[in-house]
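# Observations on the three-dimensional arrangement
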Amino acid sequence: MGIEFFFLILAVFVVAFGIGVVLLNRRKSVGQPASGQPTQVRPPVAAPENDTLVAEAEIDSVVEELPAVEEDPPAGTLRERLAKARSTFAGAIAGVLGRSAITDESFDDLEEALLRADVGVAIAEELLSGLRVKVANKEITEPSDLLDALQAEMTERLAGSDRSLNFEQFEPGNPNVWMFVGVNGVGKTTTIGKLAKQQVDSGRSVLLAAGDTFRAAAAEQLTAWAERSDVDIVRGAEGADPSSVIFDGVEKAAANKVELVMADTAGRLHTKSNLMDELGKVRRVAEKGAGTVTETLLVIDATTGQNGLTQAREFGAVTNVTGVVLTKLDGSAKGGIVFAIETELGIPVKLVGIGETIGDLIDFDPEEFVSALFER
């Protein structure tokens, strides 16, 4: 009896111990995954031990923010991307067509639309004064004809300009040099990257010169584009003389028989004469070596409105601007600055940026541009 009682006590103890183990395991399983499954809690990231790691992290972030040039160009056109600019004219068009005859209010609507579109006071008056005469002489009698006449006049103003990118017949050892100038933040480096990829795809050999040695991560950003376009790049130390970097780029291109050098420059405030003078030096140095500057493209943010005209005037006086790249035309920009630049300064708008991907840097088509504004 004593032995049986002992085994009974032992059995109860074993059962109780087993139950306790099961309950303990269940409680632990609530806070962590089952064995063999990956945990959802990330281990803490150790802080960088030196400035080099920080710099590399910053470079990586710059690269990740760049639009992927491998993407196929989107199906969107200039007409489709000008929705916001077109809305500027929508109210005026509705006002004109909403009346049975052409009245003073019709011209008031059109004048307001032109000014809101950043066309400028002088050009707006020139466009409308001729139409007023035609209406007075009964040459135009219907509201729809008034809109058609204004559209035709605006298209005519932009016609006739040579919008091709200048590229002289290549001779080995004498590369073409395209310089890119403009104030900070307008999209120079991104424009160079997109255009470089397009030129490579068209069959030209390209080298990039990172002449913007002052803006943080500018050289890294351009290097990322160079890698994606599979082209060479010449860059200097941070704060180096930009003229020397571009000169070295031209010399390397000449030695390697590269056809085209695309040179980035530091952003310049057009109101600072000393900075603009230095930009003039960059161009002079670029032509001292083997290459020839055949294109100087001024990059302007279309959202700056009439301030873009001032930039074009000042940069043109220093660097002999041969064409304009108008970026961010798909945003809140109205686009009328095109008329001011071409009419007052005689500088053609050659390229426009209408988005973030490589396919969104396109040739400027004035007829399509004006037609999109008057779409009804």
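Residues numbered from 1 in each chain as written. Predicted model: local features only at pLDDT ≥ 70, side-chain atom pairs only at ≥ 80, totals over all residues. Heavy atoms only, no water.

### With respect to the overall build of the protein
The criterion, for reference: Working definition: helices are DSSP H or I runs of at least four residues, strands are E runs of at least two. Numbering for both runs from the N terminus. The buried label applies to any residue whose accessible area, calculated with a 1.4 Å probe on protein chains only, is under 20% of its type's maximum; exposed applies above 50%, and partly exposed to all values in between. Any pair of residues with heavy atoms lying within 4.5 Å of one another is described as a contacting pair. Only the protein chains shown count as cover for residues, with accessible areas throughout obtained via the Shrake-Rupley method and a probe of 1.4 Å.
From N to C terminus, the protein includes 14 helices and eight strands. Split into buried and exposed, the 376 residues of the protein put 44% on the buried side. Here the contacts in the protein between residues at least 6 apart in sequence split such that 77% fall between residues at least 24 apart. Counting only carbon and sulfur atoms, one obtains 52% of the accessible surface of the protein, whose full area is about 19100 Å².

### Brief notes about the pairing of strand S4 (residues 260-265)
Note the threshold: For two strands to be treated as a pair, DSSP must find at least two bridges joining them.
Within S4, six of the six residues are buried, which leaves the element mostly enclosed by the surrounding structure. The alternating pattern of S4 places Leu260, Met262 and Asp264 and Val261, Ala263 and Thr265 on opposite faces, both of which are buried. As paired elements, strand S1 (residues 176-181) and S4 share five bridges and run parallel to each other. Counted as the bridge partner of Trp178 is Met262 from S4. Across six bridges, strand S2 (residues 206-211) lies against S4 in parallel orientation. Residue pairing for S4: Leu207 is matched across the bridge by Val261.

### Description of the packing of aromatic side chains
The condition is simple: When two rings of Phe, Tyr or Trp (its six-membered ring) have centres within 6.5 Å they constitute a pair, described as stacked for plane angles under 30 degrees, edge-to-face for angles over 60, and tilted for the intermediate range. To sit over a ring, a charge needs its Lys NZ or Arg CZ within 6 Å of the ring centre and within 35 degrees of the ring normal.
Considering all chains together, one arrives at three aromatic pairs under this definition. Ring centres 5.2 Å apart and planes at 45° place the aromatic pair Phe89 and Phe374 in the tilted group. Pair noted here: Phe89 is in helix H4 (residues 83-97) and Phe374 is in the segment after helix H14 (366-373), with a separation of 285 residues, a long-range link. Residues Phe339 and Phe369 carry aromatic rings whose centres are separated by 6.4 Å and whose planes lie at 40° to one another, so their mutual orientation is tilted. Taken together, the residues span a long stretch of sequence, with Phe339 in helix H13 (residues 337-345) and Phe369 in helix H14 at a distance of 30 residues. Counting every residue linked through ring pairs, the aromatic cluster contains Phe339, Phe364 and Phe369. Note that Arg204 overlies the ring of Phe167, its terminal NZ or CZ placed 3.7 Å from the centroid. For Arg228, the ring lying beneath its charged end belongs to Trp225, and the centroid distance is 6.0 Å.

### Some thoughts on the packing of helix H7 (residues 143-157) against H14
Note the cut-off: Each axis is a line fitted through C-alpha atoms, and for a helix only the stretch in contact is used; angles between axes span 0 to 180 degrees, taken between their N-to-C directions. Here is the rule for angles: anything less than 35 degrees is roughly parallel, anything more than 145 is roughly antiparallel, 65 through 115 is roughly perpendicular, and the remaining ranges are oblique. We call a crossing left-handed when the near helix sits turned anticlockwise from the far one by less than a right angle, and right-handed when that turn is clockwise. Basically, the charged four are Asp, Glu, Lys and Arg, the nonpolar ten are Ala, Val, Leu, Ile, Met, Phe, Trp, Tyr, Cys and Pro, and anything else, Gly included, counts as polar.
Packing of H7 against H14 leaves a shortest axis separation of 9 Å and a crossing angle of 150°. When the interaxial angle is binned, H7 and H14 end up roughly antiparallel. The chirality of how H7 crosses H14 is right-handed. Note on element contacts: H14 touches H7 through Glu367, Val370 and Ser371, opposite Gln151, Met154 and Thr155. Along the lines of polarity and charge, the residues of the contact of H7 with H14 split into two nonpolar, three polar and one charged.

### Structural notes on helix H9 (residues 218-229)
To keep things clear, this is the line we draw: Helices are assigned an expected span. That span is 1.5 Å times one less than the residue count.
Taking 1.5 Å as the rise per residue, H9 with twelve residues should run 16 Å; its terminal C-alpha atoms sit 17 Å apart, in good agreement. Burial analysis of H9 places ten of its twelve residues in the buried class, which makes it a mostly covered element. Within H9, the full set of buried residues consists of Ala218, Ala219, Glu220, Gln221, Leu222, Thr223, Ala224, Trp225, Ala226 and Ser229. Of the residues flanking the end of H9, it is Asp230, one or two places downstream, whose phi is positive at about 60°.

### Some thoughts on the environment of Pro348
Here Pro348 is to be found in the loop between H13 and strand S7 (349-353). Spatially, the C-alpha atoms of Pro348 and Val324 are 6.3 Å apart, while their sequence positions differ by 24 residues. In this structure, Pro348 is in contact with Ser161, Asp162, Arg163, Thr322, Gly323, Val324 and Glu342, ignoring residues within four places of it in sequence.

### What to know about the nonpolar core
Heads up, the condition is: What we call a nonpolar core is a set of buried Ala, Val, Leu, Ile, Met, Phe, Trp, Tyr and Cys residues that are connected through their side-chain atoms within 4.5 Å.
Formed by 91 residues in total, the largest nonpolar core has its most connected members in Leu208, Met262 and Phe369. With six residues, helix H6 (residues 121-136) is the largest single contributor of residues to this core. Residues within four places of Leu208 in sequence aside, it is in contact with Ile192, Ala196, Leu222, Ala226, Val231, Asp232, Ile233, Val234 and Met262.

### So, helix H5 (residues 104-116)
So the rule is basically this: What the arc describes is the spread of directions from the helix axis to the C-beta atoms.
Helix length check: H5, at 13 residues, gives a terminal C-alpha distance of 18 Å against a target of 18 Å (1.5 Å per residue), a fit within 8%. All of the buried residues in H5 are Ser106, Phe107, Asp109, Leu110, Ala113 and Leu114. The buried side chains of H5 occupy one side of the element, clustering within an arc of 155° when seen end-on. Positive backbone phi, at 70°, marks Asp118, one or two positions downstream of H5.

### Focus: the pattern of salt bridges
Put simply, the test is: Put simply, a salt bridge is a Lys or Arg side-chain nitrogen that is within 4 Å of an Asp or Glu carboxyl oxygen.
The final tally for this structure, using the stated rule, is eleven salt bridges. A salt bridge links Asp109 to Arg99, with the nearest nitrogen and oxygen atoms 3.0 Å apart. Within this pair, whereas Asp109 is found in helix H5, its partner Arg99 is found in the loop between H4 and H5, the two being separated by ten residues in sequence. Across the pair Arg313 and Glu344 runs a salt bridge, and its minimum N-O distance is 3.7 Å. Here Arg313, found in helix H12 (residues 307-319), pairs with Glu344, found in helix H13; they are 31 residues apart in sequence, far enough to count as distant. Here Arg313 falls in the partly exposed class, since its relative accessible area comes to 39%. Each of Glu126, Glu153 and Arg157 takes part in a single network of salt bridges with overlapping partners.

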